[in-house]
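Examination of the molecular architecture
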Amino acid sequence: MGSTQKIAIVGAGLGGAAAATLLQQAGFDVDIYEQAPAFSRLGAGIHMGPNIMKIFRRMGIEKQLDLMGSHPEHWFSRCGESGDYLSRIPLSGYGASYITVHRGDLHALQMSTLKPGTLHFNKRLETLEETDTQVRLTFADGEVTHADIVIGADGINSRIREELLGVEKPLYSGWVAHRALIRGDQLAKYDLKFEDCIKWWTEDRHMMVYYTTGKRDEYYYVTGVPHAEWDFQGAFVDSSREEMFDAFKGYHPTVQALIESTESVTKWPLRNRNPLPLWSRGRLVLLGDACHPMKPHMAQGAGMAIEDAAMLTRCLQETGIGDYRTAFELYEANRKERASRVQAVSNANTWLRTQEDPAWVYGYDLYAQELKSGVAA
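Structure report, in brief. (Residues numbered from 1 in each chain as written. Predicted model: local features only at pLDDT ≥ 70, side-chain atom pairs only at ≥ 80, totals over all residues. Heavy atoms only, no water.)

1. As for the pairing of strand 4 (residues 74–79)
The buried count for strand 4 comes to five of six residues, which makes it a mostly enclosed element. Sheet analysis places strand 4 next to strand 5 (residues 85–90), joined by five bridges and oriented antiparallel. Among the inter-strand pairings, Trp75 is bridged to a residue of strand 5, identified as Ile89. The pairing of strand 4 with strand 13 (residues 197–201) spans four bridges and is parallel. (Buried < 20%, exposed > 50% of the residue type's maximum accessible area, 1.4 Å probe, protein only. Helix = DSSP H or I, 4+ residues; strand = E, 2+ residues; numbered from the N terminus. Pairing = 2+ DSSP bridges.)

Given below as structure tokens:
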């Protein structure tokens, strides 16, 4: 039956797209279903550490991303009020570049690696029905398709996770993230130092700032600010300069200049979940935010989804789709400890605040890891 075995991936974000490409490159028949009608260049930046660039090397997009992104030499942490340096963490020496880039540019690059005709837009999953031999997927537009296994890469509100564990709203963390892109020419009027990758901290809030292009024509910030109970249902709401000035009162002149230069800013609730008791059941398996959502404070959330995609591909290559149960056990055995550790450190928001060695994250090479055996079923 080999060549007719099919994998369906639900969700074409950074993790789902990576899984599709890596599995296709490994010879699997993969279709990817995305509920959005199309992708746009949404206003967000993202970090891709050397641990992820090594996976992009396998996907054939490392060099393009190297040319596209900004290459910070250090991650600086500074006191938000005094400007004193809390840490200077070198980002080189890990076998690949450390890149900051616009998420939309990275996503478009990833999309270019998918086999033509295998990405399907406007596919909101409505029902899943597992039989002895396959999974039947029904979408809101009426389309029905079948697959041997289904990968849930559909984010924190994953429909696949609901199927495995029931409906449960994610937890609001008590924090929001403000996000804004600033044009590089806006900064030229200030006699201030705008560093390539810097996190400004005080006790209960922070602002992470970095360039999103190699040309340095776009500077991006994302915050973490305490915010009372959040009951807004959508992904984000508009914020304002006034709200930003209020949230960062007393912060360093460089931060004030960034807020002054803000043309539009949005506010996003930071949500997460407790670690899940299982990552797969039957023919369904989860990756990324569907599986271990985390606060963005290590800049590794998408990275963990991409590592999941690469490890899941390795495990399926070991076993073949026919023995998917063993593959899913292997995958969880080889990912859970690392993903859970990153999730815990991200949620604690302590990463690189003081001088520390980040080698356990950035020096990791997924392809150099010996596969640990899964727990017997």
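2. Describing the packing of aromatic side chains
Per the stated rule, a full pass over the model turns up 16 aromatic pairs. Between Tyr190 and Phe194, the aromatic rings sit 6.3 Å apart at their centres with planes inclined by 70°, giving edge-to-face as the arrangement. Note on accessibility: Tyr190 and Phe194 belong to one class, buried. Centroid distance Tyr211 to Tyr219: 4.4 Å. Interplanar angle 40°. Geometry classified as tilted. Take Tyr211 and Tyr219: they sit in the same class, and that class is buried. The rings of Tyr94, Tyr98, Trp351, Trp360 and Tyr362 are connected pair by pair, giving a single aromatic cluster. Lying across the ring of Tyr85, Arg88 places its NZ or CZ 4.1 Å from the centre. Taking NZ or CZ as reference, Arg341 lies 3.6 Å from the ring centre of Trp360, over its face. (Phe/Tyr/Trp six-rings, centres within 6.5 Å; stacked < 30°, edge-to-face > 60°. Lys NZ or Arg CZ within 6 Å of the ring centre and 35° of its normal.)

3. Concerning helix 8 (residues 253–260)
Among the eight residues in helix 8, six count as buried, and that is most of the element. By the burial criterion, the buried members of helix 8 are Thr254, Val255, Gln256, Ala257, Leu258 and Ile259. Its buried side turned inward, helix 8 meets strand 12 (171–183), helix 6 (184–187), strand 13, strand 14 (206–211), strand 15 (218–226) and helix 7 (241–247). (Contact = heavy atoms within 4.5 Å.)

4. A few points about the packing of helix 1 (residues 14–25) against helix 4 (residues 103–111)
For the pair helix 1 and helix 4, the least separation of the axes is 10 Å and the interaxial angle reads 20°. On the basis of their axis angle, the class for helix 1 and helix 4 is roughly parallel. Along this stretch, helix 1 crosses helix 4, giving a crossing that reads as left-handed. Across the interface between the two elements, Leu14, Ala17, Ala18 and Thr21 from helix 1 touch Arg103, Leu106, His107, Gln110 and Met111 from helix 4. Along the lines of polarity and charge, the residues of the contact of helix 1 with helix 4 split into five nonpolar, three polar and one charged. (Axes fitted to C-alpha atoms, helices over the stretch in contact; angles between N-to-C directions. Parallel < 35°, antiparallel > 145°, perpendicular 65-115°, else oblique. Left-handed = near helix turned anticlockwise from the far one by under 90°. Nonpolar A, V, L, I, M, F, W, Y, C, P; charged D, E, K, R; others polar.)

5. Topic: the pairing of strand 13
A large share of strand 13 lies buried, amounting to five of its five residues. Of the two faces of strand 13, the one holding Cys197, Lys199 and Trp201 and the one holding Ile198 and Trp200 are both buried throughout. As paired strands, strand 13 and strand 14 are joined by five bridges and run antiparallel to one another. By the bridge assignment, Ile198 is partnered in strand 14 with Val209. Hairpin connection between strand 13 and strand 14: a loop of four residues separates the two successive antiparallel strands.

6. Describing helix 9 (residues 301–319)
The end-to-end C-alpha distance of helix 9 is 27 Å, a good match for the 27 Å that 19 residues give at a rise of 1.5 Å each. Where burial is concerned, most of helix 9 is hidden: 16 out of the 19 residues are buried. Just downstream of helix 9, Gly320 is the residue with a positive phi angle, here 80°. (Expected span 1.5 Å × (residues − 1).)

7. Notes on the sheet that holds strand 16 (residues 237–238)
If you walk across this open sheet you meet the eight strands as 5-4-13-14-15-12-17-16, and the pairing is mixed. Every interior strand has two partners, whereas the edge strands, strand 5 and strand 16, have only one. Alignment of strand 16 against strand 17 (residues 266–272), held across two bridges, turns out to be antiparallel. If you follow Asp238 over to strand 17, its bridge partner there is Thr266. Across the sheet, helix 8 touches strand 12, strand 13, strand 14 and strand 15, and the angle it forms with strand 14 is around 70°.

8. Topic: the sheet that holds strand 19 (residues 284–286)
Strand order across the open sheet formed by six strands is 7-2-1-11-19-18, with mixed pairing between neighbours. The sheet terminates laterally at strand 7 (119–120) and strand 18 (280–281), the two strands that pair on one side only. Where strand 2 (residues 29–33) meets strand 7, two bridges bridge the pair, whose relative direction is parallel. Opposite Ile32, over in strand 7, you have Leu119 as the bridge partner. Contacts between helix 1 and the sheet are confined to strand 1 (6–10), strand 2 and strand 11 (149–152), with strand 2 contributing the most and set at about 165° to the helix. In this fold helix 10 (residues 324–348) packs onto strand 11, strand 18 and strand 19, with an angle of close to 15° to the strand it touches most, strand 19.

9. Regarding the side chain of Ser346
Mapping Ser346 onto the fold places it in helix 10. Take Ser346: its relative accessible area is 1%, and that puts it in the buried class. Those residues within four positions of Ser346 in sequence are excluded, and the remaining contacts are Met294, Lys295, His297 and Met298.

10. Points about the packing of helix 9 against helix 10
One way to put it is that helix 9 packs onto helix 10 with a least axis distance of 8 Å and a crossing angle of 155°. Relative to helix 10, the element helix 9 lies roughly antiparallel. Helix 10 is crossed by helix 9, and the crossing has right-handed handedness. Each of Met304, Glu307, Asp308, Met311, Leu312, Cys315, Leu316, Glu318 and Thr319 in helix 9 lies in contact with helix 10, whose residues at this interface are Thr326, Ala327, Phe328, Leu330, Tyr331, Asn334, Arg335, Arg338, Ala339 and Val342.

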